[in-house]
Amino acid sequence: MSLIKRNEANWLPSVFDDMFKTDWLGGTTNVNSIGTTIPAVNIQETEEEFSVEVAAPGKKKEDFNIELENDVLTISSQEKKENETSDKDGKFTRKEFSYSNFKRAFSLPESVNSEAISASYNDGVLHIALPKREEAKVQPKRLIEIS
């Protein structure tokens, strides 16, 4: 939650804004920016890897920027749309444009093999595979002989 000075007239809406703008699972968002959308993210853990799925329909794989710095995985995208309408002389009678972007950041656990991270984009879902290091994987049960 942010530290904002509140008075009796404005405390309730601000409290709700703070609650809904906080990513309680460790991710960060830039929800205060104009033109920002926040795609849904699923994170799943298996014995072999962590899997991150970002719902971003209508985009191309070139629209995404995925960075890893100091064990922080950052996923971002920026899109610019322009619609043009002109009259017979070619002068604009209306020109509409918009920008949208998002940025999500996640701290990776030490168990992730950062050298083997891979990503793919298919049917509107960005999939990022975060394989675990060998020593972090669950080892099968084995029998130890006594000497």
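Residues numbered from 1 in each chain as written. Predicted model: local features only at pLDDT ≥ 70, side-chain atom pairs only at ≥ 80, totals over all residues. Heavy atoms only, no water.

Selection criterion: UniProt positions are given in the numbering used here, feature names are shortened, and annotations may be inferred rather than shown by experiment.
The name that an unreviewed UniProt entry assigns to the protein chain is Hsp20/alpha crystallin family protein, with the source organism given as Autumnicola musiva. As its UniProt record puts it under Sequence similarities (unreviewed entry), the protein chain is described as follows: "Belongs to the small heat shock protein (HSP20) family."

## Section: the overall build of the protein chain
Keep this limit in mind: Each helix is a run of H or I in the DSSP string that is no shorter than four residues. Each strand is a run of E no shorter than two, and both are numbered from the N terminus. Buried means the residue's accessible area, taken with a 1.4 Å probe over protein chains only, is under 20% of the maximum for its type, while exposed means over 50%, and partly exposed covers the values in between. Any two residues whose heavy atoms approach within 4.5 Å are treated as being in contact. All accessible areas in this document rest on Shrake-Rupley with a 1.4 Å probe, and a residue is counted as covered only by the protein chains that are shown.
Counting its secondary structure elements, the protein chain contains one helix and seven strands. Listed N to C, the secondary structure of the protein chain is α-β-β-β-β-β-β-β in terms of helices and strands. When each of the 147 residues of the protein chain is scored for burial, the buried share is 22%. Taking contacts inside the protein chain between residues at least 6 apart in sequence as the whole, the part at least 24 apart equals 51%. For the protein chain, the accessible surface area stands at approximately 11,600 Å², while carbon and sulfur atoms represent 50% of it.

## Observations regarding the sheet that holds strand 2 (residues 49-55)
Note the cut-off: Strands qualify as paired when DSSP identifies two bridges or more between them. Axis lines are fitted through C-alpha atoms, for helices just across the contact stretch, and the angle between N-to-C directions can take any value from 0 to 180 degrees.
A sheet is described by the order of its strands in space; here four strands give the open sequence 1-2-7-6, paired in antiparallel fashion. Edge positions in the open sheet fall to strand 1 (41-45) and strand 6 (118-122), since each of these has one partner strand only. Taking the axes of each pair of neighbouring strands and ignoring which way they run, one obtains an average angle of 15° across the sheet. Where strand 2 lies against strand 7 (residues 125-131), seven bridges are found, and the strand directions are antiparallel.

## A short note on the confidence of the model for the protein chain
Defined as follows: In predicted models, pLDDT denotes the confidence assigned by the predictor to each residue on a 0 to 100 scale.
This prediction gives the protein chain a mean pLDDT of 76; 67% of its residues lie at or above 70. Confidence over residues 1-7 falls short of pLDDT 50; this stretch has nine contacts with residues more than four positions distant or in other chains. Under a pLDDT of 50 for its full length, residues 10-16 has, in the predicted model, three contacts with residues more than four places off or in other chains.

## Here's the deal with the pairing of strand 7
With five of its seven residues buried, strand 7 lies for the most part within the structure. Across five bridges, strand 6 lies against strand 7 in antiparallel orientation. What sits directly across from S118, in strand 7, is A129.

## Observations concerning the packing of aromatic side chains
The condition that has to hold: Stacked, tilted and edge-to-face are the three classes assigned to paired rings of Phe, Tyr and Trp, where Trp is represented by its six-membered ring and a pair needs centres within 6.5 Å; plane angles under 30 degrees give stacked, over 60 edge-to-face, the rest tilted.
Under the counting rule described, the total for this entry stands at two aromatic pairs. The interplanar angle of 50° and the centroid separation of 5.1 Å between the aromatic rings of F64 and Y121 together place this pair among those described as tilted. Of this pair, F64 sits in strand 3 (residues 64-69) while Y121 is found in strand 6, placing the two residues 57 residues apart along the sequence. Here the aromatic cluster, defined as three or more aromatic residues joined through ring pairs, consists of F64, F102 and Y121.

## Concerning the side chain of R104
Convention followed: Throughout this description, a polar contact denotes any pair of N or O atoms lying within 3.5 Å of each other; where both atoms belong to protein, one of them has to be capable of donating a hydrogen while the other can accept it, and for residues adjacent in sequence the pair is counted only when both atoms sit in side chains.
Here R104 lies in strand 5 (residues 92-107). A polar contact is formed between the side chain of R104 and the backbone oxygen of P39, at a distance of 3.3 Å.

## Focus on the pattern of salt bridges
Two side chains bearing opposite charge may form a pair once their charged atoms approach each other closely. Convention followed: Any Lys or Arg side-chain nitrogen found within 4 Å of a carboxyl oxygen on Asp or Glu counts as a salt bridge.
In total, this model carries one salt bridge according to the counting rule given. The residue E45 makes a salt bridge to K132 at a minimum N-O spacing of 2.7 Å. Within this pair, whereas E45 is found in strand 1, its partner K132 is found in the segment after strand 7, the two being separated by 87 residues in sequence. Take K132: its relative accessible area is 10%, and that puts it in the buried class.

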